[in-house]
Amino acid sequence: MKHAYLALSIATVLNIPFVSFAAQESKEDVIEVIKVFGQANNSQGLSVKDAAIDGPFGDNLALKDIARSVTPISSELIEQLNITTLQDVLAVSPNTYSASGFGAPSLPTIRGQLGELFQDGTRRQAGNNGFGVPLSFNSVEQIDVVKGAPPVLFGSSQRNGGFVNLHSKTASTDESKGKVNLSAGRWDQYRAQVDYTGAIIKDKVGFRISAEHIDNGSFYDYAGMESDSLYAALRILPDNKSSWDINFELFQVEFTDNAGINRPTQALIDDGLYITGQGVQSNGSTIPAAGSLVSPTGQVKLDRSTVLTDPDNQNEATTYLLHSVYKRELTPSLSLKNTTYFQHLQREEIAQNSFVEIIDGADTAQNRTELSYLWNSDQQTIFALDVRYNKVLGYSQFTTEADSPIDLTGPISNRRIPLTAEQQARLVELRPGVFVSPGAQYDTNNDGTGDFNLSDTTDSRSIQTGLAIQHDSDWTTNLHTTVGYRADFYDVKASDPIAPEGQVAASDSINKVLHSAHLSFNYTLTSDVTAYGTASYNEATSNSMAGGTALGGGNMISEQNFATENTLVEVGLKYAPTDSDWYADGALFSQRRSLRNRDGSNTGIRTQGFESQVFYDAYPYWISAGYSYIDASYDNSASSQDSAQIADAFDNSRPDIIAGTSVGAPSFTSFAPSNRQVQGIPEQSFSVNGQYSISAQWQAGFSGLYTKSYPLDFLATVNIRDQYTLNVNTSYTFTPSTKLRFDVNNVTNQKNWRPVFEGGYFGATLVFPELPINAKLTLTHSF
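The structure displayed is predicted, hence computed values, not measured ones.

## A closer look at the overall build of the protein
Reasoning step 1: Scanning the protein from terminus to terminus reveals 4 helices and 42 strands.
Reasoning step 2: On C-alpha atoms alone, the protein measures out to a radius of gyration of 28 Å, which is about the 28 Å that the 2.2 N^0.38 rule sets for 783 residues.
Reasoning step 3: Taking all 783 residues of the protein together, the buried fraction comes to 54%.
Reasoning step 4: Considering only intrachain contacts with a sequence separation of at least 6, the fraction spanning at least 24 residues in the protein is 68%.
Reasoning step 5: Within the protein, one finds 54 positive and 85 negative side-chain charges whose respective centroids are separated by 3 Å.

This is the structure we're talking about:
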């Protein structure tokens, strides 16, 4: 439309002198013909080509100028792909297949490992190894999915497969507009959102408010989610050289910890057949416990909605976040950017299977100041000072859980684990009836052996001070390089917040310096094609819940918490033609990283692979496709599982059903160092999405995902077969401001599966059944 106005304006301006000229030449009947040509802008905002990337590598960068594999997902693309959880980014971003995160993923998975979650360039609190608080998209305007460890400007962190940077909604200072979004879906799933922005002082100050309520029933038994999010943003433009964006979000949620289905045999995966029979302890008790043994009583077709949940479980969280981004041009050569973040989190889960995780206050504050100096038109340096404070008080207890002995076809009591007096004696009573692990080990009877079960309980404080420098150079019109270095100084203290009676609470402190560096280049091969390469080295931390630090062996903070080294080498091509509606890129990568195990140790993993994405966006068509190949293997490193294999949970009394080993389960198993394939990660995946505008009012679209078979457990005794999911949608615009959309997900009703937890620890214990066919109706009205 803007090109049409431009053409009309040009025609009007050009026509003025010719009116006079035509009058002068009228006697000769000379007629001047003017032809104006213009190219319509057919983009629907559904391609990544023209996206601007702020934060990780600098501000306002074009996608083709970033020497990393990146997928920016705009608000239009979020709506089109029906993205409601971090798992959904796989629909458009390659190599982002993830486990279910116990039904409530709080972190992305990128290139086979948990990644970090940032918002406006600062790292958010996001639970314990991906098990945490569901993410609300009420505050989100754009999602940038970046492969590889965070760059030096973002600094040292815990997870290095890649990261997602959420861009908060910003306020408008020049117009007022709003949107109402209402949706209803199968299983009584309802969502309502109101979003409004307007100017307080035109072109100077604007505000934005967005409120969201979700009330979701569930396909799964005894499951659901209810949440409320209130988001407010303010934009201040003091002058033409500065801007200040401030936003605040309050989020409260009640949700279900969904462990999926236990006893994952190949018969369950292929045919839905579940082995029945409650596990029995050596003392004859049928309460689930380590080493319990199941005598199979039969095999039945299990309803996929029957999962490890309990109607009496408690699970809720409240968090609030504050972000501030201030930018100012100090001189024509010097600019400043200051980013501030604060988050408070409280979470409480008390489960009937004895699991407890209570975050009784986690506070994180961060401030990063960046100075960008332009030496000349070809050389620029960014200097950064980054200070982050994290304080966590939390209690946990996961040492008495036992999933394999539970017969899901029996009564709810089969799933419950009332603690015995002996088990309670190895824990500490936090409140009446709630037992947690102490935050340190104690030998109360002086026999040389610790008398308590340890989990992640901690009262810890860390101060991270980072100094970073990044230099960008344009050596020729074709060659650009970036080099960066950062040092992070850690001052960490941890203590036991709930020492057993009669014991002096243990505590420890540690100081460490971690380093990171990266080097990259971009080379313009043609006006449309850019080649790039990057190398990155990153030293990272291992943390417990909410980013806290727990005491380890000897009641000391483990040196290993600061010994996770990560490397990345990546090369790729990006095709971004200026006169075409296509965009494509591809990358080869080799990445080595450390994975934190449940016992606090780290396992080396090496991944190599290829990923590619293609977009075409020109009305009336839009299409995208993504392909990924990943070879993820242990790097001559040890690994562990809840049990070695599911057959360990059974005796051999029914070899016609399963050849049981009679080991008993759960039975923690460590595997010797190896180079085996990492379980729970498909080697190949392919996604494709499309939309066609049948008319100006009516659109139809689809999305599809294929994943190749992969082993569920370390020994590869059970495999998830090749799987695909196909979703379709259609929308109709009744007026320029009112649209109705209808989605049908998993339209072919595939019975698909995925792992429950990242890292494969529960690979021989649990598996998650994905949703059957379901539909959702969404009404959107703009005003």
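Back to the write-up after that little detour.
## Some remarks on the sheet that holds strand S15 (residues 261-262)
Reasoning step 1: Strands sit in the order S15-S41-S40 across an open sheet of 3 strands; the sheet is antiparallel. Every interior strand has two partners, whereas the edge strands, S15 and strand S40 (753-754), have only one.
Reasoning step 2: In this sheet, strand S41 (residues 766-769) lies alongside S15 in antiparallel orientation, the contact comprising 2 bridges. Residue pairing across strands places Ile261 opposite Val767, the latter belonging to S41.

## Remarks on the pattern of salt bridges
Reasoning step 1: Applying the stated criterion across every chain, the model contains 33 salt bridges.
Reasoning step 2: Here Arg191 and Glu212 are joined by a salt bridge, their closest N and O atoms 2.8 Å apart. Of this pair, Arg191 sits in strand S11 (residues 189-201) while Glu212 sits in strand S12 (residues 205-216), and the two are 21 residues apart along the sequence.
Reasoning step 3: In this structure Glu212 comes out as buried when scored by relative accessible area, which is 6%.
Reasoning step 4: Between Glu348 and Arg431 there is a salt bridge; the shortest N-O distance is 3.1 Å. Here Arg431 lies in strand S22 (residues 428-431) and Glu348 lies in strand S19 (residues 334-350), a separation of 83 residues in the sequence.
Reasoning step 5: Residue Arg431 is classed as partly exposed on the basis of its relative accessible area of 32%.

## What about the environment of Ile406?
Reasoning step 1: If you trace the backbone, Ile406 turns up in the loop between strand S21 (379-397) and helix H4 (421-425).
Reasoning step 2: Sequence-wise, Ile406 and Arg263 are 143 residues apart; in three dimensions their C-alpha atoms are separated by 8.8 Å.
Reasoning step 3: For Ile406, the contacting residues outside a window of four places in its chain are Asn262, Arg263, Tyr274, Gln278, Pro288, Leu308, Asn414 and Arg415.

## Quick look at the environment of Gln278
Reasoning step 1: Within the secondary structure, Gln278 is located in the loop between strand S16 (273-276) and strand S17 (298-301).
Reasoning step 2: Sequence spacing of Gln278 and Gly572 is 294 residues, and the spatial spacing of their C-alpha atoms is 53 Å.
Reasoning step 3: In contact with Gln278, other than residues within four places in its own chain, are Arg263, Thr286, Pro288, Leu293, Val294, Pro405, Ile406, Asp407 and Asn414.
Reasoning step 4: Reaching out from Gln278, the side chain makes a polar contact with the backbone oxygen of Thr286 at a distance of 3.1 Å.
Reasoning step 5: One polar contact links the side chain of Gln278 to the main-chain carbonyl oxygen of Asn414, over a distance of 3.1 Å.

## Description of empty space enclosed by the protein
Reasoning step 1: Scanning the model with the defined rule gives 10 cavities of 30 Å³ or more in all.
Reasoning step 2: If you add up the space inside the second largest cavity, you get close to 270 Å³.
Reasoning step 3: At the level of elements, S21, strand S24 (458-474) and strand S25 (479-495) are the ones that each hand at least two residues to the lining of the second largest cavity.
Reasoning step 4: When residues in the lining of the second largest cavity are grouped by element, the largest group, 3 residues, is from S21.
Reasoning step 5: The class makeup of the residues in the lining of the second largest cavity is 6 nonpolar, 12 polar and 5 charged.

## Side note on the sheet that holds strand S3 (residues 70-73)
Reasoning step 1: Strands sit in the order S3-S8-S9-S6-S7 across an open sheet of 5 strands; the sheet is mixed. Both edges of this open sheet fall to S3 and strand S7 (122-123), since each of them pairs with a single strand only.
Reasoning step 2: For S3 and strand S8 (residues 140-147), the ladder comprises 4 bridges, and the chain directions are antiparallel. Residue pairing for S8: Ile73 is matched across the bridge by Ile143.

## Describing the nonpolar core
Reasoning step 1: Ile73, Leu77 and Ile143 are the most contacted members of the largest nonpolar core, which totals 39 residues.
Reasoning step 2: Of all the secondary-structure elements, those providing two or more residues to this core are S3, helix H2 (75-80), strand S6 (116-119), S8, strand S9 (162-168) and S21.
Reasoning step 3: Here this core takes 4 residues from S8, the largest share from any one element.
Reasoning step 4: Those residues in contact with Ile143 that sit more than four places away from it in its chain are Thr71, Pro72, Ile73, Ile78, Ile83, Phe137, Val164, Asn165 and Leu166.
Reasoning step 5: Counting 28 residues, the second-largest nonpolar core is a separate cluster that includes Phe102, Trp753, Tyr761 and Val767.

## Considering the confidence of the model for the protein
Reasoning step 1: On average, residues of the protein score 91 in pLDDT, and 93% of them reach the 70 mark or higher.
Reasoning step 2: Across residues 1-39 the pLDDT falls below 50, and counting only partners more than four positions away or on other chains, this stretch makes 11 contacts in the model.

## With respect to unusual backbone geometry
Reasoning step 1: For the bond running from Tyr619 to Pro620, omega is 10 degrees, close enough to zero to count as cis.
Reasoning step 2: Residue position: Pro620 is located in the loop between strand S30 (602-618) and strand S31 (621-634).
Reasoning step 3: Within the chain, Ala546 stands out as a residue other than glycine whose phi angle is a positive 60 degrees.
Reasoning step 4: Mapping Ala546 onto the fold places it in the loop between strand S27 (529-540) and strand S28 (564-575).
Reasoning step 5: A positive phi angle, near 50 degrees, is found at Asn746, a position not held by glycine.
Reasoning step 6: Mapped onto the secondary structure, Asn746 falls in the loop between strand S39 (738-745) and S40.
Reasoning step 7: Residue Asn746 is classed as buried on the basis of its relative accessible area, which comes to 4%.

The rules behind each value
Residues numbered from 1 in each chain as written. Predicted model: local features only at pLDDT ≥ 70, side-chain atom pairs only at ≥ 80, totals over all residues. Heavy atoms only, no water. Helix = DSSP H or I, 4+ residues; strand = E, 2+ residues; numbered from the N terminus. Rg over C-alpha atoms; globule rule 2.2 N^0.38 Å. Buried < 20%, exposed > 50% of the residue type's maximum accessible area, 1.4 Å probe, protein only. Contact = heavy atoms within 4.5 Å. Lys, Arg positive; Asp, Glu negative; His and termini not counted. Charge placed at Lys NZ, Arg CZ, Asp CG, Glu CD. Pairing = 2+ DSSP bridges. Salt bridge = Lys/Arg side-chain N within 4 Å of Asp/Glu carboxyl O. Polar contact = N/O pair within 3.5 Å; in protein donor to acceptor, adjacent residues only side chain to side chain. 1 Å grid on protein atoms, 1.4 Å probe; cavity = no way out; pocket = protein on both sides within 12 Å on 5 of 7 lines; lining within 4 Å. Points joined across faces, edges and corners; volume = space filled by probe spheres on them. Nonpolar A, V, L, I, M, F, W, Y, C, P; charged D, E, K, R; others polar. Core = buried A, V, L, I, M, F, W, Y, C linked by side-chain atoms within 4.5 Å. pLDDT = per-residue confidence, 0-100.

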